[in-house]
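Read off the chains here:
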Amino acid sequence: MNAPLLRVTDLKVRFGPVLAVNGVSLDVPAGPFGLGLVGESGSGKSTIGRAILRLVPSSGGSIVFGGASVGSLRGAALKAYRRDAQIVFQDPDNTLDPRMRIGATLSEALRTHGVVPHRDLQARAGELLAEAGLDPAFAERYPHQLSGGQRQRVAIARALSVQPRLLVLDEPTSALDVRTQAHILKLISRLRDERKLAYLLITHNFGVVSELCEQTAVLYLGKIAELGPTDVLLRAPAHPYTVALRSAVPEVDAAGRRSRIVLAGDPPQAASPPPGCVFHPRCPLAIDRCRAEVPALREVAPGHHAACHRAEEVLAGTALAPRSEPGPASP
Amino acid sequence: MIESPAIAPADAALPRGSAMWRAFRANPLLTVGGGVVLLIMVVAIFAPLLAPFPGDAGNATHPFSVLHGPSAAHWFGTDQVGRDILSRVIYGTRVSPVIAVIVLAIACVIGVPLGVAAGFLGGWLDEAIMRVTDVFLAFPPLLLALALASVLPASLTSLTIAIAAVWWPWYVRLIRGQAASVAGRPYVEACRALGVSRLRIIWRHILPNSLTPLLVQVSLDVGGVILTASALSFLGLGAQDPTPDWGLMVADGQSYFTPDWWLVTFPGLAILVTAFAFNLLGDGLRDLLDPRRSFLP
Amino acid sequence: MNLVLSELSVSFGSRRVVAIDSLVLGHGEILGLAGESGSGKSMTTLAVLGLAATVGATVGGSIKLDGQELTTLSAPELRAIRGRRIAAIFQSPATAFSPVYKVGTVFTRALRLHGADKPEASDLAASAMRQVLLPPDLLRRYPSQLSGGQLQRVAIALALALRAEILLADEPTSALDVTVQAEVLDLLRSLRESTGLSILFISHDLAVIAELCDRVAVMRNGLIVEQGPAGQVLSAPSDPYTIELLESVPKIGSSS
């Protein structure tokens, strides 16, 4: 069996008193492959992406890329890793230096790693822009002369300029208009096939992971609640949070025809996580065991893992009876 | 599907007319401010040729022309020892603005690197730099400058050093805030993710995006430094008579203000015009350097 | 009660950003205004509130609330209507509340501005909070101590306390988590059932509009390209732009 391109084992990331990522393990095989990280605010999904790229220090666990431990890389080895793993951020408005022309931004990336000789910098920048669906003439422009979608394309081009094997996409389309979103997603799909890219797609949108990711992990308060093939996870979830999340997502086609699982209370504070299962205070299925014992992420079906003591019941569809009236919210 | 850039409306709107008129229309602040600053420099260089009574900038005294009001012979009048004020104001362009520029240059040379280091690198370096800065900032500026100037021999050099020593901490604080803010932006994080060296990030991204408030502050401070220098000179701790320092001229002329208003007014106007011109220049440069507002391609 | 927009135009100088022939919000109806950025939907909201001038825009045409023309009202008359009969909530709930005041202070001040006296205001505030399923003592907190979802519900409570007949909601859930968004949408629906509140719901998210709205108007470049019952427009659109928008929404169940 081939070793995966990226193996994250029991990753922990701490910011002061807050444990933003609390024991996350996942594998990403070599491309083309997409792994979706789905969650709401406070789930730790963005932090995982940044930790993988060594943009934030990890406080525990290991990240192994191509067989080498990422955490122990220094100097030239660390710089070499930066060629292999890249990131695209969420905010198109600040993702490019406003005082640099587009061409200069791309050249900087190319020059940092000597991807092409100096005389070919301009030409390669033009090629990268064209690959991202932009006229090479954009190289002369400044970021404020581009639309949000165009800037995001430049950000993607910049990330791909160093020819990475792994791309982390942190909510790349959340700040964009509907049609622009669709174009960018199509671009990602095309690049994935052309470059045999492996990517970690961080989003809160189930439709996006459905289109672009073979596998998806659902995160809650720094832990993986459920991990499995995307279509299976969406069709037959094994964790109550996934069920609730899925039922809360509005859909054009299913409008009004779904009944919602209502979660009591507000999203939790990461600074003071509850004992036992982190989800139990809001879980409609919580039993005594959930308060006392942290559920391990275990395989409930081939390739399908869930961290829930009652996962089998959820999977069988017997546990959850959806209510359609909202319950009282706790203060 | 390739997207092409449409013609940006800004490019299509260059004003018509001669080159100078176009430059002015494109950036009036820069042309007026820059023009006056240039004029001041020219006057400073050609002072001996422009001043009607060059000796009056030095030790000359004319007991029979004391305190004459503005006239054909003396456009700005004469002072309490009969010296031609116009000549002294003209020679003053070699003193006050020069001191201001040197002081601010020193303050920037010290303040900017410290501020960038503190803001971008953070951690213990940030703490160390800011605590030292705080100590300097805790002193009332004029008092500190006084203290420094009094232990040094009274001269223009001591004056310059004393004021520069008081000025740099403000710039550290200003730049640190900006640098810290820029350091947190996605495009800087993208550079880190790309493995761009820290030095290059500072030089190419942090500095250019942090300097704008400094530019404006420096242009405003020209007037402030001139006035601080005048206060110190008045107390005898900097420029000495007969040096034609504008601030010293204003300070000395105060006691003659009623009814001999011209001793204070003309040097005072010179300070005003200089401060204002640098202020406009600063604003103009800020606009010029902003890709969003410039008309240059 | 109804709100009728006829031949409504909003312009910045010579540039027209909204040109609506006809749009009607009926009693107890939830009308969705869908479109991308730059479609003019937010400017329409500002125009209805009489706030277009504050951003430098001029309004032409007619906005009638129960037959009363709003575009010709004086500033004091508009202030009486704004908040009282037509309330608004926006995308960022934090901006509705000044961070230096407790939420309750802003709440009661708004009520007293519209004629309630002090004890009356506190009672109204408390009962409105209960209507949005929040404990009234949350009013004693500062905005920074409340979550986005809670703040948005407080903003809705304020609209209820003022007995607003119409609620203009400009992307009220775009900045909220999915589960919180679902709760706010549930709340809006139940309020419509219990109080007959009419809602003009502006959003770029067609799925949310499909879930919540009775009717929808799709806007593009200031014009309404299609309007009708939400179920119909969104399942069988006739305008090519609407079709393109619907096709752009990533769908669950599409293969990867």
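Per chain, residues are indexed from 1 in the order of the written sequence. By the order in which they are written, chains take letters starting at A while ligands take numbers starting at 1. pLDDT decides what is reported in this predicted model: residues at 70 or higher carry local features, side-chain atom pairs at 80 or more are listed and counted, and totals for whole chains, interfaces and linings draw on all residues regardless.

Undergrad: An account of the confidence of the model for chain A is needed here, citing residue identities and associated values.
TA: In the predicted model, chain A carries a mean pLDDT of 88, and 92% of its residues have values of at least 70. Below a pLDDT of 50 lies the segment residues 322-331 of chain A, which in the model reaches 22 contacts outside its immediate sequence neighbourhood of four places, other chains included. Values of pLDDT, the confidence the predictor places in each residue, fall between 0 and 100. Contact between residues is assigned whenever the C-beta positions, reconstructed from backbone atoms, fall within 7 Å.

Undergrad: Break down the interface of chain C and chain A for me, with residues and values.
TA: Contacts between chain C and chain A engage 34 residues on the former and 38 residues on the latter. Only DSSP runs of H or I with at least four residues qualify as helices, and only runs of E with at least two residues qualify as strands; both kinds are numbered from the N terminus onward. For the side of chain C that touches chain A, the elements supplying multiple residues, two or more each, are α5 (148-161), α6 (178-195), α7 (206-212) and α9 (240-248) of chain C. Per-element accounting of the side of chain C that touches chain A gives the leading share, six residues, to α6 of chain C.

Undergrad: Describe helix α1 (residues 41-49) of chain C, listing the residues and the values that go with them.
TA: Residues and elements named next belong to chain C. By the criterion of burial, α1 is predominantly enclosed, with eight of the nine residues buried. Buried residues are those with 20 or more other C-beta atoms within 10 Å of their own C-beta, exposed residues have 12 or fewer, and partly exposed residues lie in between; C-beta atoms are placed from the backbone. Taken as a whole, α1 has its buried residues at Lys41, Ser42, Met43, Thr44, Thr45, Leu46, Ala47 and Val48. Gly50 sits one or two residues past α1 and shows a positive phi near 75 degrees.

Undergrad: Help me get a handle on the interface of chain B and chain A, residues and values and all.
TA: Taken together, the contact between chain B and chain A spans 21 residues of the former and 31 residues of the latter. Of all the secondary structure elements, the ones that give two or more residues to the side of chain B that touches chain A are α9 (186-194) and α10 (198-234) of chain B. Element by element, the count of residues in the side of chain B that touches chain A is highest for α9 of chain B, at seven residues. For the side of chain B that touches chain A, the residue count by class is 12 nonpolar, four polar and five charged. The residue classification treats Ala, Val, Leu, Ile, Met, Phe, Trp, Tyr, Cys and Pro as nonpolar and Asp, Glu, Lys and Arg as charged. All others, Gly included, are polar.

Undergrad: Would you mind going over the sheet that holds strand β2 (residues 18-28) of chain A in detail, with residue names and values included?
TA: Residue and element names in this part refer to chain A. At least two bridges found by DSSP between two strands are what make those strands a pair. Spatial ordering of the open sheet is given by β2-β1-β4-β5, a layout of four strands whose pairing is antiparallel. Edge positions in the sheet fall to β2 and β5 (68-69), since each has one partner strand and no second. Note that strand β1 (residues 6-15) and β2 share eight bridges and pair antiparallel. Bridging from a neighbouring strand, Phe15 pairs with Val18 of β2. Axes here refer to lines fitted to C-alpha atoms; in helices the fit is confined to the stretch in contact. Angles between the N-to-C directions go from 0 to 180 degrees. Each of β1, β2 and β4 (60-65) touches helix α1 (residues 45-52); the most contacted strand, β1, lies at about 115 degrees to it.

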